[in-house]
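Take a look at the letters that make up each chain.
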Amino acid sequence: MSADLPIQEPKSLHFIEEIVEADRATEKHGGRVLTRFPPEPNGYLHIGHAKSICLNFGLAKTYGGATNLRFDDTNPVKEDVEYVDSIREDVQWLGFQWKGEFYASDYFPFMYDYAEYLIQQGKAYVCDLSEAEIREYRGNFHVPGRPSPYRDRSPAESLDLFRRMKAGEFPDGSKVLRAKIDMHAGNMNLRDPLMYRIRRAHHHRTGDAWCIYPMYDYAHGVSDAIETITHSICTLEFEDHRPLYEWFLEQDADGKFFQRPLPRQIEFARLNLTHTVMSKRRLLQLVQEGIVSGWDDPRMPTICGLRRRGYTPEAVRAFADKVGVAKRDMVADVGLLEFCIREDLEKRVPRRMAVLRPLKVVITNMTEAEAFEVEVPNHPDDPTMGTRRLPFTRELFIDQEDFREEAPKKWFRLAPGAEVRLRGACLLTCRDVIKDEAGTVVELRCEWDPASRGGTAPDGRKVKGTLHWVSAPQALKAEVRLYDMLFTQSDPMDVPEGQDWKALLNPASLEVIAEARLEPSLAGARPGERFQFERTGYFAVDADSITDRLVFNRTVGLKDSWAKIEAKQ
RNA sequence: UGGGGAGUAGCCAAGUGGUAAGGCAGCAGGUUUUGAUCCUGCGUACCGAGGGUUCGAAUCCUUCCUCCCCAACCA
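The shown structure was predicted, so the numbers you read here are calculated from the model rather than taken from an experiment.

*Asks:* I'm lost on the sheet that holds strand S2 (residues 66-71) in this one. Help?
*Replies:* What links the strands of a sheet is backbone hydrogen bonding, and the strands pair in either a parallel or an antiparallel sense. Here 3 strands make up an open sheet; going across it, the order is S1-S2-S3 and the pairing parallel. The outermost strands of the open sheet, each flanked by one partner alone, are strand S1 (34-37) and strand S3 (101-103). If you compare each strand with its neighbour and ignore which way they point, the axes differ by 35° on average. In this structure, S2 lies alongside S3, joined through 3 bridges in parallel fashion. By the bridge assignment, leucine 69 is partnered in S3 with glutamate 101. Along the sheet, helix H2 (residues 47-62) makes contact with S1 and S2, crossing S1 at roughly 160°. This element, helix H3 (residues 81-93), spans S1, S2 and S3 of the sheet and lies at about 160° to S2.

*Asks:* Help me understand the packing of helix H4 (residues 108-120) against helix H6 (residues 155-167), please; the structure alone is not making it clear to me.
*Replies:* Each pair of packed helices gets described by two things: the angle between the helix axes and the distance between those axes. Packing of H4 against H6 leaves a shortest axis separation of 8 Å and a crossing angle of 160°. One way to sum up the angle between H4 and H6 is to call them roughly antiparallel. Judged by the twist between their axes, the crossing of H4 over H6 is right-handed. Taken together, the residues of H6 that come into contact with H4 (itself represented by Tyr112, Ala115, Glu116, Ile119 and Gln120) are Pro155, Ser158, Leu159, Phe162, Arg163 and Lys166. Taken together, the residues of the contact of H4 with H6 break down into 6 nonpolar, 2 polar and 3 charged.

*Asks:* Looking at this structure, how should I read the UniProt feature "domain: Glutamyl/glutaminyl-tRNA synthetase class Ib catalytic" (unreviewed entry) in chain A?
*Replies:* The UniProt record annotates "domain: Glutamyl/glutaminyl-tRNA synthetase class Ib catalytic" (unreviewed entry) at residues 33-346. In residues 33-346, the share of helix is 39% and the share of strand is 12%. The end C-alpha atoms are 36 Å apart.

*Asks:* What am I meant to see in the sheet that holds strand S21 (residues 476-483) here?
*Replies:* Ordered in space as S10-S23-S24-S25-S21-S22-S11, the 7 strands form an open sheet in which the pairing is mixed. A single partner strand is all that each edge strand has here, and the edge strands are strand S10 (351-352) and strand S11 (354-355). Sheet analysis places strand S23 (residues 530-533) next to strand S24 (residues 537-541), joined by 4 bridges and oriented antiparallel. Considered in S24, the bridge of phenylalanine 531 is made with phenylalanine 539. Strands in contact with helix H12 (residues 334-348) are S10, S23, S24 and strand S25 (550-557); relative to S25, the strand with the most contacts, it is inclined by about 120°.

*Asks:* I would appreciate a short explanation of a positive patch on the surface in the present structure.
*Replies:* A grouping of Lys410, Lys559, Lys564 and Lys568 is seen on the molecular surface, where their side chains present a positively charged patch. Along the chain, the position of lysine 568 falls in helix H13 (residues 561-568). Given the relative accessible area of 73%, lysine 568 is considered exposed.

*Asks:* Got a minute to help me understand the nonpolar core in this structure?
*Replies:* Generally speaking, a soluble globular protein has its nonpolar side chains buried in company with each other. Judged by nonpolar contacts, the single largest core of 55 residues is most densely connected at Ile47, Val91, Leu286 and Phe319. Put simply, the parts of the chain that give this core at least two residues each are H2, S2, H3, helix H9 (280-288), helix H10 (303-309), helix H11 (313-323) and H12. Filtering out sequence-adjacent residues up to four positions away, phenylalanine 319 remains in contact with Ile47, Leu271, Leu273, Ala332, Asp333, Leu336, Leu337 and Cys340. Of all hydrophobic cores here, the second largest spans 39 residues; its members include Tyr107, Leu159, Met165 and Met195.

*Asks:* Where do I start with the pattern of salt bridges in this structure?
*Replies:* Side-chain pairing between opposite charges can occur once the charged atoms of the two side chains come close. Using the criterion set out here, one finds 56 salt bridges in the structure. For glutamate 169, the salt bridge goes to arginine 164, with nearest N and O atoms at 2.6 Å. Judged by its relative accessible area of 29%, arginine 164 is partly exposed. Residue glutamate 443 is joined to arginine 445 by a salt bridge in which the shortest nitrogen-to-oxygen separation is 2.6 Å. Ionic contacts of the salt-bridge type, sharing partners, join the residues Asp296, Arg308, Glu479, Arg481, Asp542, Asp544 and Arg549 into one network.

*Asks:* What is the right way to read the state of the cysteines from this model?
*Replies:* If you walk through the whole model with that rule in mind, you get 0 disulfides. Take cysteine 127: it sits in no disulfide, and the sulfur closest to it among the cysteines is that of cysteine 211, at 17 Å. Counting only cysteine sulfurs, cysteine 446 is the nearest neighbor of cysteine 426, a cysteine outside any disulfide, at a range of 9.7 Å.

*Asks:* Before we go on, may I ask you to explain the packing of aromatic side chains in this structure?
*Replies:* For any two aromatic rings, the description comes down to two numbers: the centre-to-centre distance and the angle of the planes. According to the stated counting rule, one finds 31 aromatic pairs in the structure shown. Consider the rings of phenylalanine 372 and tryptophan 448, whose centres lie 5.6 Å apart with planes at 25°: the pair is stacked. Pair noted here: phenylalanine 372 is in strand S13 (residues 372-377) and tryptophan 448 is in strand S18 (residues 441-448), with a separation of 76 residues, a long-range link. Judged by its relative accessible area of 6%, tryptophan 448 falls in the buried class.

About the cut-offs
Residues numbered from 1 in each chain as written. Chains lettered and ligands numbered in written order. Predicted model: local features only at pLDDT ≥ 70, side-chain atom pairs only at ≥ 80, totals over all residues. Heavy atoms only, no water. Pairing = 2+ DSSP bridges. Helix = DSSP H or I, 4+ residues; strand = E, 2+ residues; numbered from the N terminus. Axes fitted to C-alpha atoms, helices over the stretch in contact; angles between N-to-C directions. Contact = heavy atoms within 4.5 Å. Parallel < 35°, antiparallel > 145°, perpendicular 65-115°, else oblique. Left-handed = near helix turned anticlockwise from the far one by under 90°. Nonpolar A, V, L, I, M, F, W, Y, C, P; charged D, E, K, R; others polar. UniProt positions renumbered as here; feature names shortened; annotations may be inferred. Patch = residues over 30% accessible without salt bridge, like charges linked within 9 Å, V, L, I, M, F, W, Y side chains within 5 Å. Areas by Shrake-Rupley, 256 points an atom, 1.4 Å probe, with all protein chains shown as cover. Salt bridge = Lys/Arg side-chain N within 4 Å of Asp/Glu carboxyl O. Lys, Arg positive; Asp, Glu negative; His and termini not counted. Charge placed at Lys NZ, Arg CZ, Asp CG, Glu CD. Buried < 20%, exposed > 50% of the residue type's maximum accessible area, 1.4 Å probe, protein only. Core = buried A, V, L, I, M, F, W, Y, C linked by side-chain atoms within 4.5 Å. Disulfide = S-S within 2.5 Å. Phe/Tyr/Trp six-rings, centres within 6.5 Å; stacked < 30°, edge-to-face > 60°.

Listed below in structure tokens is the structure:
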């Protein structure tokens, strides 16, 4: 054993892993692990879902199990096929492959049969109370519920009514099927919860075959049990639904319907992220009011938004891993997400030079005939990524941010009389500043040191600043979209009294640069390709790109310690 | 005057009676043809508060406080 092997600390298990390991140790489920990801097809997946996806699929992967994708489509008025494709695509993009693809609606016949069984056992009854009456009878936190007058209807009568509900004999909302549990329960979920409602709505899969639809609490556990899910993982708000989850399954006393042992529901804290919103309602509002360009706007915390922004699935998975799994309400810092994408892109993405806000530089002591090519590495620490050749001519562009007429303290960049290095090319000194009538700097007259080709001076003189640049004649023009946080405030829901949450939107969440200048090697970059623009950030080619007109999205900027230094001065 | 959860550094999060892991952020240095990366070092966390048990408690008991979820024919 070599002594310099890194000592791997065993990664501590989170509480769900501990449960799974304990179950495997006792051979519950024969050591089997089968999880499920159960989205309702009524919206796009976001980073919070990504955490759940990574948890469910990750658990299956580490314990040699599998995960089912199950669309929870029990409410036809809210769900649509439009979403199932996007959900599939997002899960796959994250790098996961499900075992079975199911729909809760696949189980409608089974659920119906089990419901009849529960009626026959005296565990469920048809209730004729109106919606308002049901609410009234249910009581509240301080007042116990009262039994529905239909609670003691005979099983035979309920059965007949339930069959006629299914047959479409009754109007929507006129009757429901209820579980007979406990109208005095402190847990409101147990006060004879609804199992079925009448709803004449076209279902995206079953069409008009049904006019009664099961409720979540009934359908979910039954679906899990049918699929012989071992661990049914959901978020904290379902904690007090767990007794109901268990109740429905345990009523199968003879074991005629479900395989044992039954699945176990486990709850964990959902992901929240600073500087963004995650609720479906809020996200929808951003889209509908045109605050963002769509569900895949790169500012959105949706999976498709992150993808378009240039995030990698590896980075999203690393993030999900780093935020952990626990039961405490949590808000992850968006900075951690940014750390994860930088960490991934830093090692895998080639470097390029791009000037976002061009400032023309003319090298006065160079003729056009003296133009040459430089060879620069595609990655400073990874020679296997190769090199590329760039033209260097007497007319260049550098970034406006890299020149100051009055250099502040510790300024390593260009200023009158100052010398900098042009990355991979040469050393350059600023001699003159040309301004327009308004006094804005429009051009720099500089001199290069012909002996410094490649970027090092033969006399060994030190030059601290290195700038990125592009040769003007060959430069490509491109649109660059600079994205930033959607909200200025860490918690956008913490709105001051009487103010609209939208007042907290970051007005600078998108800045479009219409004419950035890129090095010519970027010609032909394909949508989805990612690069680091040196000293600027990581960028991905957007699908809006057309021939001769590339569009780049800034995924995330590089860390900028100069900005910090200057802020402190 | 109900039920269910949770409280460990700015944000996450280990820890399961033996004297507080780790990551992000931050700070200070070093390396560097990206002020990037990389490397090094840095945190009296009085473990929500008070009592108690114990030789010893973040971990056990107890009282209290705070925060979150629940009264859709939503999921």
